[in-house]
Amino acid sequence: MTIFNCECKRDCLLFAAISSIVIGIIVAFLRITGVITITPVLLIIAFGIAVFFLLATLIATALWGQRICSSCVSATISAVLTGILGTLLLSVVLLAIPFVATSIIGAIITGALAAFLSYIFTATACTVKCFVRCGE
């Protein structure tokens, strides 16, 4: 698996983005067909996960400080922050505006929320991979 090393961080992030988009499309399709529903509890959990990852990212970058291989980790940290900010924004929007289960706009926003939430996890995996490979 040479595409998941520090030298190929762009490939890892590309894989993360593509897999997150696919997950978002699947969730949007399931939402528009009424197979899944989005409850406020699920949105609060998504918001909490994003806040937790934001705090963990800030603490990790503060602790690693100058030891971080800036060429390796800077792109992945910005990708994680993109996922965090997208998740925070869309979960607040979905909490504030209730959408009907078969609403197309609601399905698109829900799919985007799922895409950003999965992007947090996949980009964090790329970041951890870069942290581990930094000393090699």
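To keep things clear, this report deals only with the structure shown in the data block. As the structure is a computational prediction, the values presented were derived from the model and not from experiment.

## Looking at the nonpolar core
By size, the foremost hydrophobic cluster in this structure holds 16 residues, and its most contacted members are Leu13, Ala50, Ala79, Ile84, Tyr119, Ile120 and Ala123. Of all the secondary-structure elements, those providing two or more residues to this core are α1 (9–32), α2 (40–64), α3 (70–96) and α4 (104–133). The contact partners of Ile120, leaving out residues within four places of it in the chain, are Ala50, Phe53, Val80, Gly83, Ile84 and Thr87.

## Topic: the packing of aromatic side chains
For any pair of aromatic rings, the description rests on two quantities: the centre-to-centre distance and the angle between the ring planes. Applying the stated criterion to the full structure yields two aromatic pairs. Taken together, a centroid distance of 5.7 Å and an interplanar angle of 85° make the contact between Phe52 and Phe53 edge-to-face. Measuring from ring centre to ring centre gives 5.5 Å for Phe53 and Phe121, while their planes differ by 75°; the resulting arrangement is edge-to-face. Placement of Phe53 in helix α2 and of Phe121 in helix α4 is noted, with a sequence separation of 68 residues between them. Judged by relative accessible area, which is 40%, Phe121 ranks as partly exposed. Here the aromatic residues Phe52, Phe53 and Phe121 are joined through ring pairs into a cluster of three or more.

## Points about the packing of α2 against α4
Closest axis-to-axis distance for the α2/α4 pair is 11 Å, and the angle between their directions is 25°. When the interaxial angle is binned, α2 and α4 end up roughly parallel. Here α2 runs over α4; the crossing is left-handed. Facing Leu43, Ala46, Ile49, Ala50, Phe53 and Trp64 of α2, the residues of α4 in contact are Leu113, Leu117, Ile120, Phe121, Thr124 and Phe131. A class-by-class count of the residues in the contact of α2 with α4 yields eleven nonpolar, one polar and no charged.

Conventions adopted
- Residues numbered from 1 in each chain as written.
- Predicted model: local features only at pLDDT ≥ 70, side-chain atom pairs only at ≥ 80, totals over all residues.
- Heavy atoms only, no water.
- Core = buried A, V, L, I, M, F, W, Y, C linked by side-chain atoms within 4.5 Å.
- Buried < 20%, exposed > 50% of the residue type's maximum accessible area, 1.4 Å probe, protein only.
- Helix = DSSP H or I, 4+ residues; strand = E, 2+ residues; numbered from the N terminus.
- Contact = heavy atoms within 4.5 Å.
- Phe/Tyr/Trp six-rings, centres within 6.5 Å; stacked < 30°, edge-to-face > 60°.
- Axes fitted to C-alpha atoms, helices over the stretch in contact; angles between N-to-C directions.
- Parallel < 35°, antiparallel > 145°, perpendicular 65-115°, else oblique.
- Left-handed = near helix turned anticlockwise from the far one by under 90°.
- Nonpolar A, V, L, I, M, F, W, Y, C, P; charged D, E, K, R; others polar.

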